[in-house]
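Residues per chain are reported as follows:
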Amino acid sequence: MRNLIQDLLHGLRLLTKSPGFALVGVLTLALGIGANTAIFSVVNTLLIEPLPYRNADDLMIVWESRPTENRNVASPANFLDWKDQTTTFADLAFVADIRTSVIGDGEAEEIPAQLATGNLFALLGVEPILGRTLSMTDGQPDQPPVVVLSYELWQRRFGGDPSIVGRQLNINRREATVIGVMPAGFQWFIKKGSLTNKPAEFWTPFVITNEMRVRRGRFVTVVGRLNEGVTREQTQAEMNTISARLQQQYNDFNANWGVNVVPLQTEFTGEIRPALYVLLAAVGLVLLIACANVANLLLARAAARRKEIAIRTALGANRWRVFRQMLTEGVPLAVLAGIGGLLLAWWGTSLLVALSPAELIDLSNVRIDSTVLLFTMGVSLLTGIIFSLAPAFEATRLNVESIKEGGRSGGSPSNNRLRSLFVISQVALALMLLVGAGLLIRSLNRLQSVDPGFDAANVLTMRVALPGRMYDQDEKVVGFFKQATERLQNLPGVEAVGAINFLPFAGPRAATRFEIDGQPKPLPGQAPGTGVCVTDANFFQTLQIPLKRGRLFTKQEATEMRHVVVVNEALVRKYFANEDALGKRITIFMKEENVPTEIIGIVGDIQHKQLDSEPEPMVYWPHPELAYTSMTLVMRTRNDALSVAASARDVIRSLDAQQPVADVQTMQSLLAKSVARARFSTQLLTVFAAVALLLAGVGIYGVISYVVTQRSHEFGVRMALGAQTRDVLKLVLKNGMMLALAGIVLGLAGAFALTRWMASLLFGVTPTDSITFATVATILFVVAVLACYIPARRATKVDPMVALRYE
């Protein structure tokens, strides 16, 4: 132990004597360690740490599934049968996303909420900090309305009032009693593309009635807790059996529908998980490049210390003693780099949180905790060992014969081979990272160039969800939105106004089956399917969705039920490929009484959910056909869309002073959010690739500079014997280019093998895209030429007389 401490102190003294070497080494390693720590802090929070629920590994989300969708919300009636028949689940609960307006204690506000079965919080194992949670009796028809608040809503809207429990709130124009407040940070699962696309801020009981047994629609998210000792596979097998039984029993509703049991942790991180794994691999490569760089520096220093090590050997130091000393000399460098990396990680984690799109995943809880600190310490020590191994092994090869060498210190052939090998590795690893970043950049460009099917420029959107208690008749609902669009149309700067229930890129859409008049009735589960949207007469003109054939809704059809429908081209291609769809009548199963509607027009396809998917069949009903109380108003403006936002809010207040307006945003911002995951992954991987490129360039420069220093006598002799400047320049460049080309070839092979794991992150680009590979190889080659040219130019300036005199 004493010798070990002496070696560590000796290594620290060497660093203080070579501040330039120490600074370069610490900064190089700190970049790699900091990047790894920052990404690991995200991975630790999202993928490793348990969720804040009791025995969270036993919690599962239970989806209904079909051939085209493996994560579909469930039918309440099917849920009740699952609950009655399961033996592997200890309990099952469900939630349904809703939009609610809260009046009082400030301006009226739309707040995302969830209807939940009374056993939800008991199933999750989460206790409130005030009052109580929901119980099964709360969901009975004869019980008064109650509500459980999130901590954040309690603080934001009610100032953390300690007497909030028992207080009456006006929710959707109805009084409800606050019975509890959940802990800070408590969030419940929200399916991407759900009704609100935001975490719920309060929960109210789902009123359980006999009508729940009627199979009509799928709209709830089911969560279950496994019995002790039961695996997910066992539960999946049981649920498959129950599902098959329900298919036979209710064939008209459940034909071709199955069940998919997914761990809750997977659901929370499913979409971001592939990107995190790619980023984790990327920062690992950055760290390896940094280690190779520092190993090269240590090899150069070891070459300069050949005589010192030989003297130690002559005085009795054995190979193990020399090896241990060289190995421990790297530890102080690694520790300092670890401290620097931790500081960079603190900054980098904040940057990650700032860059991460909130609609993709919430990184607000990501932090540098004890686990991350241990990870950083471990990485620092491991890197210290890794980059010290090569110079340590090289030092054990020296012997007393080295004392007899002349005054010039130089590296041994094995030392030079190792340095060359490290440079080749750096170039290869950097190229692999650059290829990955290049693929993501090309993919993002392809994604952003996709035509959404409408013009998003200068379009403002705002959602208005009317309370059903006040607007309890279809005429009231249709009339409100008719007045709203007419008044908004008269605002200065507004060119056109329309309305739709499910705005593209803003969340979900409804979907159902339909039948075509005149064709045989399809078998259960084989009926054609389509998405369903409800619009007013001006929606298509406002978003400039082209009319391909037929006509759009008249003002009369937009105010009175006339049983007409507009469809998109995707529906026509799929179901009317060999006939004219105009004039055909289809029955859309979306209401209690479904009657045939006539197809009067065909519009162009629009991307409704995301840019990287094929347009799906869609039917558009006029508002009276299915009078939704929640509609999104769409306004096309002459200039900046946000400039009319305040006036538009005032219009809604003039119609109903207590009616909140939500999600005021531009259509262009919605399009930008749709590519959030691709942009996030691309930005981070590009940064890491740029760091890798910089480190690789520095590595090449360092090796060639060292070679020039070693061979200065040789260059002087060559020039004294008549060699031209270009001959020396060519000789040095050739040496560097051979290393760079070897690294490029090795990197291309590695990238070809590894980029296929990125396939799920790419759009319109193959993992082996030749343009990307060629472009990246060219860029890296140019950087290598520049890195070699600077020391090569220095070699041409060697004075032959000075070089010969030195020798």
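Everything here concerns the structure above.
Residues numbered from 1 in each chain as written. Predicted model: local features only at pLDDT ≥ 70, side-chain atom pairs only at ≥ 80, totals over all residues. Heavy atoms only, no water.

> Where do I start with the nonpolar core in this structure?
Taken as a class, soluble globular proteins show a tendency for nonpolar side chains to be buried jointly. Leu 29, Leu 431, Leu 433, Leu 685, Phe 688, Ile 700 and Val 732 are the most contacted members of the largest nonpolar core, which has 81 residues in total. Contributing elements (two or more residues each) for this core: α2 (19-48), α9 (273-304), α11 (319-355), α13 (413-448), α19 (676-710), α20 (712-720), α21 (725-754) and α22 (770-796). Residue contributions to this core peak at 15 residues, all from α19. Residues contacting Leu 433, with those up to four places away along its chain left out, are Ala 282, Leu 285, Val 286, Leu 685, Phe 688, Ala 689 and Ala 692. Within the second largest apolar cluster, 73 residues are counted, among which are Phe 480, Phe 505, Phe 553 and Met 635. (Core = buried A, V, L, I, M, F, W, Y, C linked by side-chain atoms within 4.5 Å. Buried < 20%, exposed > 50% of the residue type's maximum accessible area, 1.4 Å probe, protein only. Helix = DSSP H or I, 4+ residues; strand = E, 2+ residues; numbered from the N terminus. Contact = heavy atoms within 4.5 Å.)

> Just to check I follow, could you spell out the pattern of salt bridges for this structure?
When the charged atoms of two side chains lie near each other, side chains of opposite charge can form a pair. Inspection of the entire model under this criterion finds 28 salt bridges. For Glu 110, the salt bridge identified is with Arg 463, shortest N-O distance 2.0 Å. Linking Glu 110 in strand β4 (residues 109-116) with Arg 463 in strand β12 (residues 459-465), this pair joins segments that are 353 residues apart in sequence. Each member of the pair, Glu 110 together with Arg 463, is buried. Residue Arg 653 pairs with Asp 650 through a salt bridge whose shortest N-O separation is 3.2 Å. Note that Arg 653 and Asp 650 are positioned in helix α17 (residues 645-655) at a spacing of three residues, about one turn of the helix. By relative accessible area, which is 31% here, Arg 653 ends up partly exposed. With a relative accessible area of 45%, Asp 650 lands in the partly exposed category. Shared partners join several salt bridges into a network, and the residues in it are Glu 109, Arg 156, Arg 157 and Glu 201. (Salt bridge = Lys/Arg side-chain N within 4 Å of Asp/Glu carboxyl O.)

> Mind showing me how you'd approach the environment of Cys 533 here?
With respect to the secondary-structure elements, Cys 533 resides in strand β15 (residues 529-535). Considering only alpha carbons, one finds Cys 533 and Asn 501, 32 residues apart in sequence, at a separation of 6.3 Å. Excluding its chain neighbours within four sequence positions, the residues that come into contact with Cys 533 are Ile 500, Asn 501, Phe 502, His 608, Met 618, Val 619, Tyr 620 and Trp 621.

> Honestly, the packing of helix α14 (residues 474-489) against α17 in this entry has me stumped. Any pointers?
Packed helix pairs are specified by the crossing angle of their axes together with the interaxial distance, meaning the distance between the axes. Put simply, α14 and α17 touch, their axes get as near as 10 Å, and they point 140° apart. Taken together, the axes of α14 and α17 are oblique relative to one another. In the crossing of α14 with α17, the sense of the turn from one axis to the other is right-handed. In this structure, α14 uses Phe 480, Gln 483, Ala 484, Arg 487 and Leu 488 to contact α17, whose residues at the interface are Ala 648, Val 651, Ile 652, Ser 654 and Leu 655. Each residue belonging to the contact of α14 with α17 can be placed in one class, and the counts come to seven nonpolar, two polar and one charged. (Axes fitted to C-alpha atoms, helices over the stretch in contact; angles between N-to-C directions. Parallel < 35°, antiparallel > 145°, perpendicular 65-115°, else oblique. Left-handed = near helix turned anticlockwise from the far one by under 90°. Nonpolar A, V, L, I, M, F, W, Y, C, P; charged D, E, K, R; others polar.)

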